[in-house]
Structures are given as structure tokens and as C-alpha cells.
Amino acid sequence: MKNYTSVNDITHLAHWLNEAGELKNNPQKYRHLGSGKTLGMLFFNNSLRTRLSTQKAALNLGMEVMVMNFGKEGWALEFADGTIMDGESAEHIREAARVVSQYCDILGIRAFAGLKNKLEDESEKVLHGFLEHASIPVVNLESSLGHPLQALADAMTIEEYKTSKRPKVVLTWTPHPRPLPHAVANSFIRMMQRMPVDLCITHPVGYELNNRIVGDTPVINDQNQALKGADFVYAKNWSSYEDYGSVLSTDPSWMISGEKLGTASFMHCLPVRRNVVVEGAVLESGQSLVIEQANNRTFAAQLVLKKILESL
Ligand code: AN0
Ligand code: CP
């Protein structure tokens, strides 16, 4: 595999999930594969899990790792061609990407949606800038539109914990005080559409996601109705897509409580705001899978790095 930029880069999902499970059982098995190779990661936004789990994955494969908080410590990058660079930007993506390509063998990029300009976010200028100008494989560590490493870890988690052949999975919008991107929800939906699950989405009116992603997945605006019979409840906030980047409602009645959850398992990508998105008690209960999801991030990343290393 050359790049991992979206869940569409997963060729045969069932095989991938098996292989990720094998890596989880024996994380050191391929520790010579990455010997002498370097993973570079550039973070334009904050991270706990992605940064550490992907680093751990690379270490398990015997790679060296270089990480840079690019948002705070890198030169402000220019992405447009032909610009007279007499403003804020000090360096062009054309130089930056080619320079980094000399230091690393695989490059991870985290660059969230700015949530101000839909067209600009949808152009994925940071991720695409590195894809175009770097000469090494690129891994998406959450871009404007997707978080495919998270979705792969989520799929692993559902595969491990499901108790029926075709579980019901509900993606529910939850309140949040700040505008959040659509990336996690987008990739989760795309992933679940490929899994043997019954997926439904619930959100207040006005929080419709991109209909090219939702497709014919059922959307139910009544949360209680959507949650009926759920095996997995995946909570996530996102800002409005239509009224791009706006927080239209923070209605606390959409928070996930133990009562709403019933007997279902609770999932969230983290970081999560307790008693805003979900009751603290749910996170403390045996029904919460959030810590296991975060653990699976290591093996999802390890599988992706392994596949790229094998094709170098
Ligand atoms: C980010 C988001 O919602 O996309 C990262 C989640 C992995 N979350 C926050 O900014 C709180
Ligand atoms: N879930 C996730 O990607 O977490 P971080 O933002 O901490 O990396």
C-alpha cells in the first residue's frame, strides 16, 4: 500500500481486521520489518492518542520516530502556487514536503478542518499538499474529512465485542460547547457501511452530515427511537455541515446517560467531555469500550504501517 488517506484505502476489510487482531496478539512479531526506517509525524493540531499510539505502532515494528508539533513550531506554510509570499506564510509546501521526505520513509499528517470555509476544508489542502509534493507514503492522522485510523480501531473494537452476527450500531450526535469537525463521524459511517452491522444515525435537525457520505444509511431525528435495541452506541459531536461550522444547539437532553444506553456498549473516539457528551458514570461502567478503542489505535496504526513498509 502506498498511502493511507481514507477508509477507501482498505482493500479487504475482513482480512485487515483479522490481521490487526494477529498483531494485537503478537505485537513484536514484525519488529525487524521497520529496522532502519523512520516515521515522521507532523501535527498541525493537538493529540494524545494518535501521537502516542502511532509512535508505539512504529516502535513495535522497529522503526525510528520523529514527531513535530507543526502548528505551533513549524513555519507557517503556503499552499497556493504562484503566490507572492509577502504575508504570513514563511515556507512553501513544495519545499517543506520535499525536505521532510529526505528525513523520513513514511509521513503522518494531522490537519483538522478549520470549519470556517467548507470549500477550503473539502480541498484538504494540507493533506493533499503533502500527498502531492512528498516523495514518501503519507498516512492521514485526521484530516478535514476523515480519521481513518480511528475508524479502523473502531471496527476492530466492534468485531471483538459483538455478541451477534449483525449488531445494531447507532452513531449519535451529542452536545459539545465548541464546534467540532465531521472527520470522525464521516470515517465511522464509511467504515460501518462496509461492516456486517445495522447502522443508523441520529442527530437533531440541522446537524445533517454530508449526504454523499450518509448515502442510504437511515437517519432518525428522535434519539430515543434510534437507540432502541442498540448493541453499540457511538457518541460524537459535530458542528453543522449545512450552516458550516456552526454550533446550532447544545441541547443537554442529547447527552448519553446510563438510562439511554440500556444494555448497549458505549463507544467514543476520545477526548470526551464528561457530563456534557456522556455521563461520567457510563465511562466508569463495564459498558464503556473507550479505553479498548484507544488501545486498538496502536494495532490499527501498526497494520497500516506494516502494509506500507512491505511495499517500500
Ligand atoms: C477532535 C474532533 O472532534 O475531530 C479530535 C477527535 C479525535 N476532537 C476535538 O477537537 C475535541
Ligand atoms: N481519538 C483521537 O484521535 O485522539 P487524539 O486527538 O488524542 O489523537
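Everything below is about the structure shown above.
Residues numbered from 1 in each chain as written. Chains lettered and ligands numbered in written order. Predicted model: local features only at pLDDT ≥ 70, side-chain atom pairs only at ≥ 80, totals over all residues. Heavy atoms only, no water.

Asks: Residues and numbers for the sheet that holds strand E10 (residues 265-267), please.
Replies: Taken in spatial order, the 4 strands make up an open sheet running E8-E7-E9-E10, and their pairing is parallel. Only two strands of the sheet have a single partner each, and these edge strands are strand E8 (198-202) and E10. Strand-to-strand twist in this sheet, taken as the mean axis angle between neighbours without regard to direction, amounts to 20°. Relative to strand E9 (residues 232-236), strand E7 (residues 168-173) runs parallel, the two sharing 5 bridges. Note that in E9 the partner of Val-170 across the bridge is Val-233. Contacts from helix H8 (residues 183-192) reach E7, E8 and E9, with the element oriented near 165° to E7. (Pairing = 2+ DSSP bridges. Helix = DSSP H or I, 4+ residues; strand = E, 2+ residues; numbered from the N terminus. Axes fitted to C-alpha atoms, helices over the stretch in contact; angles between N-to-C directions. Contact = heavy atoms within 4.5 Å.)

Asks: Which residues make up the nonpolar core, and what are the values?
Replies: Among the nonpolar cores identified, the biggest contains 57 residues, and Tyr-4, Leu-152, Ile-158, Met-191 and Met-192 are the most heavily contacted of them. No other element matches helix H13 (residues 290-310), which puts 8 residues into this core. The residues contacting Ile-158, other than those within four sequence positions of it, are Val-169, Phe-188, Met-192, Met-195, Val-197, Phe-232 and Met-267. Core analysis: the next-biggest nonpolar cluster, separate from the first, contains 18 residues, Phe-79, Ala-111, Phe-130 and Val-138 among them. (Core = buried A, V, L, I, M, F, W, Y, C linked by side-chain atoms within 4.5 Å. Buried < 20%, exposed > 50% of the residue type's maximum accessible area, 1.4 Å probe, protein only.)

Asks: Break down a nonpolar patch on the surface for me, citing the residues and quoting the values.
Replies: Together, Met-66, Val-99 and Tyr-103 line one region of the surface with nonpolar side chains, adding up to about 280 Å² of accessible area. The residue Met-66 is located in strand E2 (residues 64-68) in this model. (Patch = residues over 30% accessible without salt bridge, like charges linked within 9 Å, V, L, I, M, F, W, Y side chains within 5 Å. Areas by Shrake-Rupley, 256 points an atom, 1.4 Å probe, with all protein chains shown as cover. Salt bridge = Lys/Arg side-chain N within 4 Å of Asp/Glu carboxyl O.)

Asks: Tell me about the site of ligand 2, and please be specific about residues and values.
Replies: Around ligand 2 sit Ser-47, Leu-48, Arg-49, Thr-50, Arg-110, His-147, Gln-150, Cys-269, Leu-270 and Arg-297, and those are all the residues in its vicinity. Contacts to ligand 2 include Ser-47, whose side-chain N or O atom sits 2.7 Å from an oxygen atom. Within the contact set of ligand 2, a nitrogen atom lies 2.9 Å away from a backbone nitrogen or oxygen of Leu-270. Against a free-state accessible area of 250 Å², the protein chains account for coverage of 94% of ligand 2. With respect to the detected pockets, ligand 2 is housed in the largest pocket. (Near = heavy atom within 4 Å. Polar contact = N/O pair within 3.5 Å; in protein donor to acceptor, adjacent residues only side chain to side chain. 1 Å grid on protein atoms, 1.4 Å probe; cavity = no way out; pocket = protein on both sides within 12 Å on 5 of 7 lines; lining within 4 Å. Sits in = over half its atoms within 2 Å of the grid points.)

Asks: How would you explain the environment of Leu-13 if you had to name every residue and give the values?
Replies: Looking at the secondary structure, you find Leu-13 in helix H1 (residues 13-25). Assessed through its relative accessible area of 8%, Leu-13 is described here as buried. On a C-alpha basis, the gap between Leu-13 and Arg-194 in space is 7.7 Å, while along the polypeptide they are 181 residues apart. Apart from residues no more than four positions distant in its own chain, Leu-13 is found in contact with Met-191, Arg-194 and Met-195.

Asks: Talk me through the site of ligand 1; I want residue IDs and the actual numbers.
Replies: Every residue close to ligand 1 is listed here: Phe-112, Glu-142, His-147, Leu-180, Pro-181, Lys-236, Cys-269, Leu-270 and Pro-271. Separating an oxygen atom of ligand 1 from a side-chain N or O atom of Glu-142 is a distance of 2.6 Å. A distance of 2.7 Å separates an oxygen atom of ligand 1 from a polar atom in the side chain of Lys-236. Calculation on ligand 1 without its partners gives an accessible area of 340 Å², and the protein chains cover 82% of this total. With respect to the pocket detection grid, ligand 1 is positioned in the largest pocket. Taken together, the residues of the shell around ligand 1 break down into 6 nonpolar, 1 polar and 2 charged. (Nonpolar A, V, L, I, M, F, W, Y, C, P; charged D, E, K, R; others polar.)

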